[in-house]
2 protein chains.
Amino acid sequence: MAGSDTRTLGARRQDAEIDAAEPGQERGGRLPAALRHARIIASFEKNGFVSITSLADELNVSGMTIRRDLDALGKRGLLERTHGGAVATGPLAITGASFDIEEPAFEQRMRLRALEKSAIAEAAAALVGPGESLGLDVGTSILALAQVLAGRRDLRVFTNNLRVGMLLAEANSTVYVLGGQVRVPEFSVIGPQAIAAVESHYLDKVFIGVSGLDAHGFYDYSPEDTEVKRALMASAGEVIVLCDSSKFNRRALSRVALLSGVGTLITDNAPPAELQAALEAAGVKIIIAR
Amino acid sequence: MAGSDTRTLGARRQDAEIDAAEPGQERGGRLPAALRHARIIASFEKNGFVSITSLADELNVSGMTIRRDLDALGKRGLLERTHGGAVATGPLAITGASFDIEEPAFEQRMRLRALEKSAIAEAAAALVGPGESLGLDVGTSILALAQVLAGRRDLRVFTNNLRVGMLLAEANSTVYVLGGQVRVPEFSVIGPQAIAAVESHYLDKVFIGVSGLDAHGFYDYSPEDTEVKRALMASAGEVIVLCDSSKFNRRALSRVALLSGVGTLITDNAPPAELQAALEAAGVKIIIAR
DNA sequence: TGTTATATGTGAGATAATGTTCAATAGTGC
DNA sequence: GCACTATTGAACATTATCTCACATATAACA
């Protein structure tokens, strides 16, 4: 895989500011760290673990560098170090057939673009001030944010997402879940009770996940989730949407809000020009996380 | 001496079962310990038993290593050693599915008296009629009950237990969680919102877990959980307590209710004479599950 | 262009995982 | 019960890997 993967990835690379070298041929052509990280993450897709020696071999760097890379990625919660390599955790977790009978769709989504989601989550967490009350919505990017926030004791987090609730509670953060019916596969809480519970609170910031956005607004697949999202947004001092760049110009069944209903959009790549113009016209602040 | 133990390394060089199929990757075909553990756990799915020689062969490691692995997994309560292998116990025996990496403490408790809890859960499930609304409380016995009920589509389940909520939702049962603060390590929901939500419903049956009982009533360690239990009991047509026999004559911080506040007690062994007399005097029906 | 940060490589000692041997032990068939 | 074989666990041997410090290379910048 080493050779062919390298070629494909390199050729398909969007931000091609650096010439990718052919591995094995040109010793000096090292990849920038970000690219190497992306490549490492991609290697997990197969079987949920990577070995240091094989990565060092494949990426033409020393074992020490890979070790440092894995440590860095580990700090971001994307993987867990083992002897000789690392296994996937959190967003990447593939779970070897025993634990975790989750919807394959959800896991797949979580692994897909895990690095981007992690960067988005980091940027989002940076906006959170001490002692704030937060609302965390449903979605893979939001779950990544929860992982970053896990352990912070000074926050008060409200969520309609049972995954987030368990994750944060386990980390001893203060977390409140909304009441209502549980909807799979997201494990989101929906219904009038949830909405009523939101309406009786004020939240400093709410972080919303969406399925798509275009010049006319933000979209989500689930009408039930959408109602809760709207309630969260209505109770919030600041509305922040987390969404990776694959969602640009994609629509779904429910329109969550107009562009103007959102204060900040955190994503991993600049939107297409037209969309960016619409966002700016609507007064949406755009944060590009890398 | 076992022939397979001393087989030369690399004899099974091209193990088609290892999905990697990487020429340069499988140096000696060694997996990190965590992955090997996951693979071992996965092997139980077939028949609840694994043999050391077959594992050593399959995973390309020596028998001694497998032995050490099984010991480690045994310490975590996931299996029990036998001659030449191991059998599944605890959470694995009931169902291999578990949505999360559970707390060791919880795993341990689940494994502890797993057989009894399973019998209690079966007896409790037998009481549930078609189309009923149920309340499921916190505790390992209750979680076992939820596992038995999982998949029944005709019920409406309310719970203050996020584990139960996720388990049932995943099985496509209709389940509502109460809103409120999440308390570890039980992942129970507590607080006034939860209590208010219960009070606006009527439940045909509620199943309550307790930490202990004596002639003066039922006890629980957590005052916060106790308040929700009381609310559940007040809204119920029938109150059923699930509790294994190790809880007899044990007390804890909060008294949940007097004996007379409970209709049925399901346990795995007859209570001591004095306690049994008190239960009967209070009109509690006792079901012994085997 | 020189100078500073950052990133990466290298090597030695420490550590952890695994392999090997071997006496003791538990199953198994008679 | 007895012989026989597979399994076991402890001690030791052997790797592979980790960590740490420092050297070197690369990128960033004035």
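Rules used throughout
- Residues numbered from 1 in each chain as written.
- Chains lettered and ligands numbered in written order.
- Predicted model: local features only at pLDDT ≥ 70, side-chain atom pairs only at ≥ 80, totals over all residues.
- Heavy atoms only, no water.
- Near = heavy atom within 4 Å.
- Polar contact = N/O pair within 3.5 Å; in protein donor to acceptor, adjacent residues only side chain to side chain.
- Helix = DSSP H or I, 4+ residues; strand = E, 2+ residues; numbered from the N terminus.
- Nonpolar A, V, L, I, M, F, W, Y, C, P; charged D, E, K, R; others polar.
- Core = buried A, V, L, I, M, F, W, Y, C linked by side-chain atoms within 4.5 Å.
- Buried < 20%, exposed > 50% of the residue type's maximum accessible area, 1.4 Å probe, protein only.
- Contact = heavy atoms within 4.5 Å.
- Salt bridge = Lys/Arg side-chain N within 4 Å of Asp/Glu carboxyl O.
- Pairing = 2+ DSSP bridges.
- Axes fitted to C-alpha atoms, helices over the stretch in contact; angles between N-to-C directions.

Engineer: Looking at this model, I keep getting lost on the protein's contact with DNA strand C. Mind explaining?
Structural biologist: Surrounding DNA strand C, one finds 18 residues, the nearest of these being A:Arg36, A:Thr65, A:Arg68, B:Arg36 and B:Thr65. A:Arg36 has a polar side-chain atom sitting 2.6 Å from a phosphate oxygen of DNA strand C. Here B:Thr65 contributes a side-chain N or O atom positioned 2.5 Å from a phosphate oxygen of DNA strand C. Counting only elements with at least two residues in the surface near DNA strand C, the list comes to helix H4 (63–75) of chain A together with helix H3 (63–75) of chain B.

Engineer: How should the protein's contact with DNA strand D be read in this particular structure?
Structural biologist: Every one of the 21 residues lining DNA strand D counts as a neighbour, but A:Arg67, A:Arg81, A:Gly84, B:Arg81 and B:Gly84 are closest to it. Within the backbone of A:Gly84, one N or O atom sits 2.8 Å away from a phosphate oxygen of DNA strand D. Take B:Arg67: an N or O atom from its side chain is 3.1 Å from a phosphate oxygen of DNA strand D. Here the residues of the surface near DNA strand D sort into six nonpolar, nine polar and six charged.

Engineer: Just checking my understanding: could you explain the nonpolar core for this structure?
Structural biologist: Note that soluble globular proteins tend to have their nonpolar side chains buried in a common cluster. Residues A:Leu136, A:Phe207, A:Phe218, B:Leu136, B:Phe207 and B:Phe218 are the most contacted members of the largest nonpolar core, which totals 127 residues. Ignoring sequence-local partners within four residues, the contact set of B:Phe207 consists of B:Ala124, B:Val128, B:Leu134, B:Gly135, B:Leu136, B:Asp137, B:Ile142, B:Leu145, B:Ile240 and B:Leu242. Core analysis: the second largest hydrophobic core is formed by 20 residues, B:Ile41, B:Phe44, B:Ile52 and B:Leu79 among them.

Engineer: I would appreciate a short explanation of the pattern of salt bridges in the present structure.
Structural biologist: Opposite charge on two side chains lets them pair, provided their charged atoms get close. All names here are of chain B. Taken as a whole, this structure holds 20 salt bridges over all chains when the rule is applied. A salt bridge links Asp244 to Lys117, with the shortest nitrogen-to-oxygen separation between them at 3.0 Å. One end of the pair, Asp244, is in the loop between strand E12 (236–242) and strand E13 (254–257); the other, Lys117, is in helix H6 (residues 114–126), with 127 residues separating them in the sequence. A residue is classified by how much of its surface remains accessible, and Asp244, at 1% relative accessible area, is buried. Measuring nitrogen to oxygen at the nearest pair gives 2.7 Å for the salt bridge that ties Asp214 to Arg251. Taken as a pair, Asp214 in strand E10 (residues 212–214) and Arg251 in the loop between E12 and E13 lie far apart in primary sequence, 37 residues in all.

Engineer: Looking at this structure, how should I read the sheet that holds strand E2 (residues 79–82) of chain B?
Structural biologist: Strands belonging to one sheet form pairs held by backbone hydrogen bonds; the direction of such a pair is parallel or antiparallel. Residues and elements named next belong to chain B. The three strands are arranged E1-E3-E2 in an open sheet whose pairing can be described as antiparallel. Every other strand in the sheet has two partners, leaving strand E1 (49–51) and E2 as the edge strands with one partner each. Neighbouring strand axes in the sheet, compared pairwise and without regard to direction, differ in orientation by 25° on average. Sheet topology note: the E2/strand E3 (residues 85–88) ladder contains four bridges and is antiparallel. The residue of E3 that forms the bridge with Leu79 is Ala88. Where helix H2 (residues 52–59) meets the sheet, it contacts E1, E2 and E3, and its direction lies at approximately 70° from that of E1. Sitting on the sheet, H3 touches E2 and E3, and the angle it makes with E2 is about 140°.

Engineer: Would you explain the pairing of strand E12 (residues 236–242) of chain A in this entry?
Structural biologist: Where a strand is regular, its side chains alternate between the two sheet faces. Residues and elements named next belong to chain A. Of all the seven residues making up E12, five are buried; the element is thus mostly covered by neighbouring parts of the structure. Looking at chain direction, strand E9 (residues 203–209) and E12 are connected through six bridges and run parallel. Each bridged residue has a counterpart across the sheet, and for Lys205 the counterpart in E12 is Glu238. Pairing analysis gives three bridges linking E12 to strand E14 (residues 264–267), with the strands arranged parallel. Looking at the pairing, Leu242 lines up with Ile266 of E14.

Engineer: Got a minute to help me understand the sheet that holds E12(A) in this structure?
Structural biologist: Strand order in the open sheet formed by nine strands is E15(A)-E14(A)-E12(A)-E9(A)-E4(A)-E5(A)-E6(A)-E7(B)-E8(B), and the pairing between neighbours is mixed. Of all the strands in the sheet, just strand E15 (285–288) of chain A together with strand E8 (188–190) of chain B have a single pairing partner and so form its edges. Neighbour to neighbour, the strand axes of the sheet diverge by 30° on average, direction disregarded. Summarising the sheet, E14(A) and E15(A) pair through four bridges and their orientation is parallel. Residue A:Ile266 lies in a different strand from E15(A), and its bridge partner there is A:Ile287.

Engineer: What's the story with the side chain of A:Ser188 in this structure? I'm lost.
Structural biologist: Within the secondary structure, A:Ser188 sits in strand E8 (residues 188–190). Sequence-distant contacts of A:Ser188, defined by excluding residues within four places in its chain, comprise A:Val138, A:Asn160, A:Gln181, A:Val182, A:Arg183 and A:Asp225.

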